[in-house]
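Chain by chain, the residues run as shown.
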2 protein chains.
Amino acid sequence: MPHSTTPHTYRQYDKELEDIRNRVLAMGGLVERQIAEAVDALVNGDVEKAEEVISKDYRVNAMDVSIDEECTQILARRQPTAGDLRLVMAVIKTVADLERIGDGAERIGRTTIRLSERERPANTFGLIRSLSNHALGMLRDSLDTFARMDPEAALSVAAQDTQVDARYESILRQLITYMMEDPRNISWAVELIWVARALERIGDHACNICEYVIYLVKGKDVRHTSLESMEQIVHEE
Amino acid sequence: MPHSTTPHTYRQYDKELEDIRNRVLAMGGLVERQIAEAVDALVNGDVEKAEEVISKDYRVNAMDVSIDEECTQILARRQPTAGDLRLVMAVIKTVADLERIGDGAERIGRTTIRLSERERPANTFGLIRSLSNHALGMLRDSLDTFARMDPEAALSVAAQDTQVDARYESILRQLITYMMEDPRNISWAVELIWVARALERIGDHACNICEYVIYLVKGKDVRHTSLESMEQIVHEE
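Parameters and conventions
- Residues numbered from 1 in each chain as written.
- Chains lettered and ligands numbered in written order.
- Predicted model: local features only at pLDDT ≥ 70, side-chain atom pairs only at ≥ 80, totals over all residues.
- Heavy atoms only, no water.
- Helix = DSSP H or I, 4+ residues; strand = E, 2+ residues; numbered from the N terminus.
- Buried < 20%, exposed > 50% of the residue type's maximum accessible area, 1.4 Å probe, protein only.
- Areas by Shrake-Rupley, 256 points an atom, 1.4 Å probe, with all protein chains shown as cover.
- Lys, Arg positive; Asp, Glu negative; His and termini not counted.
- Charge placed at Lys NZ, Arg CZ, Asp CG, Glu CD.
- Contact = heavy atoms within 4.5 Å.
- Buried area = accessible area lost by both parts, 1.4 Å probe.
- Salt bridge = Lys/Arg side-chain N within 4 Å of Asp/Glu carboxyl O.
- Phe/Tyr/Trp six-rings, centres within 6.5 Å; stacked < 30°, edge-to-face > 60°.
- Axes fitted to C-alpha atoms, helices over the stretch in contact; angles between N-to-C directions.
- Parallel < 35°, antiparallel > 145°, perpendicular 65-115°, else oblique.
- Left-handed = near helix turned anticlockwise from the far one by under 90°.
- Nonpolar A, V, L, I, M, F, W, Y, C, P; charged D, E, K, R; others polar.
- UniProt positions renumbered as here; feature names shortened; annotations may be inferred.
- Expected span 1.5 Å × (residues − 1).
- Least-squares fit on C-alpha atoms with pLDDT ≥ 70 in both.

## Points about the overall build of chain A
A tally of helices and strands in chain A yields 8 helices and 0 strands. In chain A, the succession of helices and strands from N to C terminus is α-α-α-α-α-α-α-α. Its C-alpha atoms give chain A principal-axis dimensions of roughly 70 × 40 × 20 Å. Burial analysis of chain A (237 residues in total) assigns 54% to the buried set. A total accessible area of about 10,100 Å² is found for chain A, and carbon and sulfur atoms account for 49% of it. Of note, chain A has its 29 positive side-chain charges centred 2 Å away from the centre of its 41 negative side-chain charges.

## A word on the interface of chain A and chain B
Counting from both sides, the interface comprises 38 residues of chain A and, opposite them, 38 residues of chain B. The junction of chain A with chain B conceals about 3,200 Å² of combined surface from both sides, 62% of it contributed by carbon and sulfur atoms. When the buried area of chain A at its contact with chain B is split by residue, R100, W194 and H224 of chain A rank highest and sum to 18% of it. On the surface where chain A and chain B come into contact, there are 8 salt bridges. If you list the elements that add at least two residues to the side of chain A that touches chain B, you get α2 (47-78), α3 (82-115), α6 (161-181) and α7 (186-218) of chain A.

## So, the packing of aromatic side chains
Each pair of aromatic rings is reported with the distance of its centres and the angle of its planes. All chains considered together, the criterion is met by 3 aromatic pairs over all chains. Ring centres of Y178 of chain A and W188 of chain A lie 5.8 Å apart, and the angle between their planes is 55 degrees; on these two criteria the pair is classed as tilted. Pair noted here: Y178 of chain A is in helix α6 and W188 of chain A is in helix α7, with a separation of 10 residues, a long-range link. A relative accessible area of 17% places Y178 of chain A in the buried class. In this structure W188 of chain A comes out as buried when scored by relative accessible area, which is 10%. Between W194 of chain A and W194 of chain B the ring centres are 5.2 Å apart and the planes differ by 85 degrees, which places this aromatic pair in the edge-to-face class. Residue W194 of chain A is located in helix α7, and its partner W194 of chain B is located in helix α7 (residues 186-218); the two belong to separate chains. By relative accessible area, which is 7% here, W194 of chain B ends up buried.

## A short note on the packing of helix α2 (residues 47-78) of chain B against helix α3 (residues 82-115) of chain B
All names here are of chain B. Two elements in contact, α2 and α3, have axes separated by 9 Å at closest approach and are oriented at 165 degrees. On the basis of their axis angle, the class for α2 and α3 is roughly antiparallel. As α2 runs across α3, the sense of the crossing is left-handed. A breakdown of the residues in the contact of α2 with α3 according to their chemical character gives 17 nonpolar, 4 polar and 8 charged.

## Looking at the UniProt feature "domain: PhoU" (unreviewed entry) in chain A
Residues and elements named next belong to chain A. Residues annotated in UniProt with the feature "domain: PhoU" (unreviewed entry) correspond here to residues 25-110 and 128-213. As annotated, residues 25-110 comprises 94% helix and 0% strand, and the C-alpha atoms at either end are separated by 26 Å. Span residues 128-213 is 92% helix and 0% strand, its end C-alpha atoms 28 Å apart.

## Concerning α6 of chain A
Helix length check: α6 of chain A (21 residues) gives 30 Å between terminal C-alpha atoms against 30 Å at 1.5 Å per residue, within 8%. Among the residues making up α6 of chain A, those that are buried are D161, V164, Y168, I171, L172, Q174, L175, I176, Y178 and M179 of chain A. Elements in contact with the buried residues of α6 of chain A: α4 (122-148), α5 (151-159) and α7 of chain A together with α6 (161-181) and α7 of chain B.

## Comments concerning the relation of the copies chain A and chain B
Turning one copy of the chain about an axis and sliding it along that axis gives the other copy, so a rotation and a shift relate them. Each copy of the sequence occupies a distinct position, and chain A is placed on chain B by a rotation of 180 degrees and an axial shift of 0.0 Å, giving an RMSD of 0.0 Å. In short, the pair behaves as if placed about a two-fold rotation axis. Judged by C-alpha distance, Q79 of chain A is the residue of chain A that lies nearest the rotation axis, at 2.8 Å. Mapped onto chain B, 100% of the interface residues of chain A are again interface residues, and the two copies thus contact each other with one and the same surface.

Put into structure tokens, the structure is as follows:
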């Protein structure tokens, strides 16, 4: 709460904080759809859909800039402290992570266009779709912990990242095997390495969001610490 | 300036703002050395040096957390507005970019250890060193524009990114050629693709820093805009 408020400005300020939270969730939903559609387009060789994803990236960027701007205005006008300040900081950071996931969707869209004339390696595409589903599940869950400000749930979402990493590693191994089998596979396989990497990074960004949730609720910055020490901090009274 | 200050607290506040600026520059210097040493270790197959780089990444992370913490405290206690607030925001964002560059150094260190038993592809290593020099030059220049708060210089640093990208693309093409020539080249070439990518990303982070400098001085968020519109904003009175 700001240090000097009338009931009116207090309600207005509360609405502003609520608003940035809601806008982060909306941005998260948009980014999630962008990735899901980009992967659909890739798997189905759907160039039109890929172009649509690319053309919609500006919406993600616009949300990045405008939520950031709203946060700066809240800092300037409301001068939040304690939990309110941590919320604003967490929003600023979450938006940066979401924007990077959005870049990944655009990138997958461009890859789809480049690969559209090629034969579709069904096997790898199946693995890519599964990696995407897992990573997007993590993203959704991390935003859900953000909406509910639930550090306990944030812990268990962060713990899922090893599974996303394992799926990514297995795609990487498969792609390298294809490359070794036939040099004609090399150029498309390298393209798919980038796709797999973009999807694997979603898990990392979801972990970051979980860390901000713990920071927001517990007041401790748990970035660059192990899952074990995150657990300890969450369970501290 | 905060809204109510005595000369004493004003001087103290000024010192705090000066301090976060200096700490960003120190962190930039550390990250730059980490990348330079990681690339040296890679090119010379120096496992010991690579291990040193990996072991020093915690210092980058510690600076990330502590500068962020100092910024949050300034926001809470000083309630900065206008240019001071933009400085704090720019510092928060710059630190996040520097931390990511630092991760790249650690990654290159790990690659060096994995590749240490291999024959060294001198040709590619020459290109990688040249990419590294260019990207680090951009990083240094971007931090310099930050130190001098010089949006004009920030523009010309950002314009260099196309050269870094071109060098990266040529490494990528060379590595793909090696892979096609001999499947035994594939696994190390894939490792070097990641190295090249980490170095290319330094150019992107340097561009981001330049954008924050323009934001800081001009008060306009120029992310996700073209170089042309950045120029327009810098030259507006």
